[in-house]
Amino acid sequence: MKKEIVIIGGGASGVSAALGFAEKGIIPTIIDVGMRSDKKHQAVGNQYDYRKDNDLYDLMIGSELEGLSNVLDGTSLPPKLTTPMNNYIISGSEELSPIRSSNFSAIQSFASGGLAAAWGAGLYRYNDEDLGSLPLRSGSLEPYYDRLSKEIGISGENDDLSQFFGNDNTLLPPFRLSKKAEHLYKNYQNKKKKFNRNGVFIGYPRLGVLTRDHMGRKQCDYSNFETWLNDIPWVYNPAHSLDRLIKENKIKYMSGIHINSWSRKNGEIIIEGKNIQDGSPFRKNTDTLLIAAGTINTTKMVLRSKRDTKSRLNILDNPLLQVPLIFPAFLGSPLDKSAFGMTNLNLIFKSPDSKKTLQGSIIELTSPPRSVFFERFPVSSVLNLKMIKMVSPSLLAMFLYYPSSPDEAGSIRLTNNNELEIEQKDYVTEREPVKKIVRALIRMGAWTHPLIIQQSKPGYAIHYAGTIPMRTNTTSEYESSINGELHKEPGVYIIDGAPFSHISSKNLSFTIMANAMRIADNISKGK
Amino acid sequence: MKNGEAAKIYRSIFRKDIPGIVQQRFENPSVKLESAFPESDLIKYRKIIDRISDLAAVEYASRITGTNQLLIKKFQIMIYLGECMPGNFNVFINEKRGLIRTLLMFTTIPFNSVYKFIKGFLALKIKTK
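S.K.: Describe the overall build of chain B, listing the residues and the values that go with them.
M.R.: Scanning chain B from N- to C-terminus turns up seven helices and zero strands. Secondary structure of chain B in N-to-C order comes out as α-α-α-α-α-α-α. Looking at chain B as a whole, 50% of its 129 residues qualify as buried. By sequence separation, contacts in chain B at least 24 residues apart represent 72% of the contacts at least 6 residues apart. Of the roughly 6,400 Å² that chain B leaves accessible, carbon and sulfur atoms contribute 60%. If the 22 positive side-chain charges of chain B are averaged to one point and the 11 negative ones to another, these points end up 6 Å apart.

S.K.: So what's going on with the packing of helix α14 (residues 381-390) of chain A against helix α1 (residues 5-14) of chain B? Residues and values would help.
M.R.: Close contact between α14(A) and α1(B) brings their axes to 7 Å; oriented N to C, the two are set at 50 degrees. The angle between the axes of α14(A) and α1(B) places the two elements in the oblique class. Across from A:Ser381, A:Val382 and A:Leu385 in α14(A), the residues of α1(B) making contact are B:Ser12, B:Ile13 and B:Phe14.

S.K.: Run through the packing of aromatic side chains, naming residues and quoting values.
M.R.: Each aromatic ring pair is specified by the distance between its two centres and by the angle formed by the two planes. All names here are of chain A. Using the criterion set out here, one finds 15 aromatic pairs over all chains in the structure. Aromatic side chains Phe327 and Phe330 sit 6.2 Å apart centroid to centroid with 90 degrees between the ring planes, which places their arrangement in the edge-to-face category. Taken together, the ring pairs connect Tyr185, Tyr188, Phe195 and Tyr204 into an aromatic cluster. Here the guanidinium or amino end of Arg176 rests over the ring plane of Tyr222, the centre of that ring lying 3.9 Å away.

S.K.: Lay out the environment of A:Thr288 with the relevant residues and their values.
M.R.: All names here are of chain A. Within the secondary structure, Thr288 is located in strand β9 (residues 288-291). Thr288 gets classed as buried once you look at its relative accessible area, which sits at 5%. With 203 residues separating them along the chain, Thr288 and Gly491 place their C-alpha atoms 4.6 Å apart. A distance of 3.0 Å separates polar atoms of two side chains, one belonging to Thr288 and the other to Asp287.

S.K.: Which residues make up the interface of chain A and chain B, and what are the values?
M.R.: Counting residues at the interface gives 46 residues for chain A and 44 residues for chain B. Of the roughly 4,100 Å² buried at the junction of chain A and chain B (both faces included), carbon and sulfur atoms supply 64%. On the chain A side of the contact with chain B, A:Val71, A:Leu385 and A:Lys389 bury the most area, a combined 15% of that side's loss. At the boundary of chain A and chain B, one finds five salt bridges.

S.K.: Could you give an account of the sheet that holds strand β11 (residues 320-326) of chain A, with specific residues and numbers?
M.R.: All names here are of chain A. Strand order across the open sheet formed by six strands is β4-β12-β13-β14-β11-β17, with antiparallel pairing between neighbours. Strand pairing shows two members of the sheet lacking a second neighbour, β4 (200-203) and β17 (454-455), which therefore form its edges. With four bridges connecting them, β4 and strand β12 (residues 343-349) associate as antiparallel partners. Across the sheet, residue Phe201 finds its bridge partner in β12, namely Ile348. Packing of helix α10 (residues 179-190) onto the sheet brings it into contact with β4, β12, β13 (358-364) and β14 (395-401), and relative to β4 it is tilted by some 135 degrees.

S.K.: Break down a nonpolar patch on the surface for me, citing the residues and quoting the values.
M.R.: Residue and element names in this part refer to chain B. A surface patch of nonpolar side chains, amounting to about 460 Å² of accessible area, comprises Leu99, Ile100, Leu103, Leu104 and Phe106. Here Leu104 lies in helix α7 (residues 99-127). Looking at Leu104, the relative accessible area reads 52%, which means it is exposed.

S.K.: For unusual backbone geometry, give the residues involved together with the corresponding values.
M.R.: The phi torsion of most residues other than glycine is negative, and most of the peptide bonds are trans. Of note, A:Asp231 is a non-glycine position whose phi angle comes to about 50 degrees, a positive value. Even without being a glycine, A:Glu375 presents a positive backbone phi close to 70 degrees.

S.K.: Requested: an account of the packing of helix α4 (residues 55-65) of chain B against α7(B), with residues and values cited.
M.R.: Residue and element names in this part refer to chain B. α7 packs onto α4 with a crossing angle of 90 degrees between their chain directions and a minimal axis gap of 7 Å. With respect to α7, the axis of α4 lies roughly perpendicular. Listed contacts from α7 to Ala57, Val58, Tyr60, Ala61, Ser62, Ile64 and Thr65 of α4 are Ser113, Lys116, Phe117, Lys119, Gly120, Phe121, Ala123 and Leu124. Of the residues contributing to the contact of α4 with α7, the split by class is nine nonpolar, four polar and two charged.

What counts, and where the lines are drawn
Residues numbered from 1 in each chain as written. Chains lettered and ligands numbered in written order. Predicted model: local features only at pLDDT ≥ 70, side-chain atom pairs only at ≥ 80, totals over all residues. Heavy atoms only, no water. Helix = DSSP H or I, 4+ residues; strand = E, 2+ residues; numbered from the N terminus. Buried < 20%, exposed > 50% of the residue type's maximum accessible area, 1.4 Å probe, protein only. Contact = heavy atoms within 4.5 Å. Areas by Shrake-Rupley, 256 points an atom, 1.4 Å probe, with all protein chains shown as cover. Lys, Arg positive; Asp, Glu negative; His and termini not counted. Charge placed at Lys NZ, Arg CZ, Asp CG, Glu CD. Axes fitted to C-alpha atoms, helices over the stretch in contact; angles between N-to-C directions. Parallel < 35°, antiparallel > 145°, perpendicular 65-115°, else oblique. Phe/Tyr/Trp six-rings, centres within 6.5 Å; stacked < 30°, edge-to-face > 60°. Lys NZ or Arg CZ within 6 Å of the ring centre and 35° of its normal. Polar contact = N/O pair within 3.5 Å; in protein donor to acceptor, adjacent residues only side chain to side chain. Buried area = accessible area lost by both parts, 1.4 Å probe. Salt bridge = Lys/Arg side-chain N within 4 Å of Asp/Glu carboxyl O. Pairing = 2+ DSSP bridges. Patch = residues over 30% accessible without salt bridge, like charges linked within 9 Å, V, L, I, M, F, W, Y side chains within 5 Å. Nonpolar A, V, L, I, M, F, W, Y, C, P; charged D, E, K, R; others polar.

Printed below as a string of C-alpha cells:
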C-alpha cells in the first residue's frame, strides 16, 4: 500500500510542492517547526503619520529587546529580522540548528513560510543561461513558473529587462516608483541606447508584491510598514498559501515538530525528530519524503542521516556589494513618506567584456527605522542625526549580486556535536564592471564611488544553495537526480536550494519554488 | 545604573532632557550590554561618564580610533530609544525642503569633525588616566 507523502518544511519550496500535489488531488503531510508570531499590532495608515503621535517602542524595540539585537549581540541582521513583530522568523534557530562559523553569516528560519517570510519578494524566472551547467532547462520550469505566478501575483513590466527576465503577460501592473527611482529611471530612458551599449540596463523588478487585490489579499498601500509589521498582505509569504491549503483540507499540517534525520527499515523511510514543546521523540513512516527544510538545514538532515562528520560539502551564496546612491538633486528634500519601501528598480550589467552578468536591486530606504543609518556617516553623533534627517531622504541603496559557482563555494560540515561548521573565503568580486556601473549611475543623476561601496560578509545575501548538486547521473551519496531524488535513497527527494550547484546573479527563490512544484508533479505521476 | 548616565548620554545626542520613560527603558539593555564587557572596560567607561561633559566628542573620537566600544554601543542604544519617542519625530524626519540648511551643514562638517575629534581625544587622554 502506498503511504502518504511527507514534506519537511513549510517554506517556499515545501509549500510549492504542496500546491503541486493539491492540483493533482493528492494530500501530502507537511511537518514543520512552524514558528508563528503571537504579536499583533494595531498600527494603521502611513508609518510616518503613525509615528508622529505614537510611541514606537513595541514596534521597534520590543519587550525582549529584539530591535537592539544587532547592537547587543554584535550580529548584522537585516532590519526586518530585528523588529519585534518579525523576529519570530529566526527565533529558535540557535537552539535547533547551531552553526559555527567565523566568516559566513548564516541565517536560518524555522518559521511558517521560512526565510521567505522576510524576503525582498524578488521572483525571477531563470533562462537557460542562468541555469548554466545544471541538467535542467528553462522550458521544463516554465509551466510551474506560470502556475506559481497565478498563486502569488507578481507585479512588474515587460520592459528593457524582459530580455533577461522573459516576457510575462500575467504580470500585475508595476507599483509607483519613489521620486528618486523615477528620477533615475527617466534619466536612464533619455540616454538608454548609450547605457545599453555599455552593458547597463534598467527596468522594473518582478516582485511578489500586489498592486491589485489578489487571492483575498490586499494591494500595496505604500504605508512603509513592511519592515515593522508581520503578515503584510501585499508581500507574498508562502504562509499565505500554506494557510489556504490547510483551510481547504488540501494538506495535513503538523507543526511544532523538528525533524533531525531519517533511517530505513524494511524498505520504509522512518522520519525521526522531536516535539518542540516537550522534547518528546517523534517518528513517522513513509515511502516518499520531500526535504524542503532550507539549504542549510536540509544539508544537516542529510549528513545526520548518514552519520557523516567527515565530509565537507560545497555551499554557495551570491557575493554581494552594497552600493550607496546619493541623489544631489534630492539633498535636503523632505522624506518621500509614501514611497514604496522595497526594491524599486533592477539594474542588469551584461557586457561582452565581462564573463558574468550582474544584477542590482535598487532599494528605497524609507521603510526601516532611521536609527539603522546612525554612524553610517563618519561624523559626530549630533551631525549623524542631522545627516539622517537631511541626507538620508536623498539616498537609495543598490544591492549588486554576483553569480556563484562551485569554484567559489564555501564548505559545510557536520561536527561531532551535531553542529554545523561553515567556512568561506572572502569573495573575489570582479571590479571592472562596478566601475562601469558607477559611471552609468552618475550619468543618471546618482552619485556614488567605488571607495564607499561595501562588500558584504559571505552569507549575507541569504541565497544559500549547492550542497547536494543535481546531476544527470548521480555517482556520490551527496548528489541528487534531475528529479530531486537523493543518490541511492529511493523515495527521498531534495526540493529546496540544495540541488542548485550554480546560482546566477538573479534571485534563485522563484526557481527553487518552480523546481519543487515540478518534482511534486513528477512524483504525483507515479502515485 | 551610574548616576545620571542615561540623562547625560541623551542630552549629548538630543540636546534636551531625557523623558522618564526613556531613562527606564535604557536600564535593561544597558545592564545586558555591560555584562558582555570586562571589568577594565567598565571602569574606563565609568570614568568617562563621571569626568567628561562632552560625551558626544568622546564618542566620536572613540569611533574614529576604534576604542571604548561600550560607550559607542550605549550611544547606539540611546539613538534607537530616542527614535521611539513621538517627540523626536522632527529630529529624524525632514518634512520641509531645506537645501540651504543642508549645504550649510556640509560646510561645517570638516570643522566640527576636527574640533570634536581633538576635544574628545584630549579629554580621553587627560581625564581618564
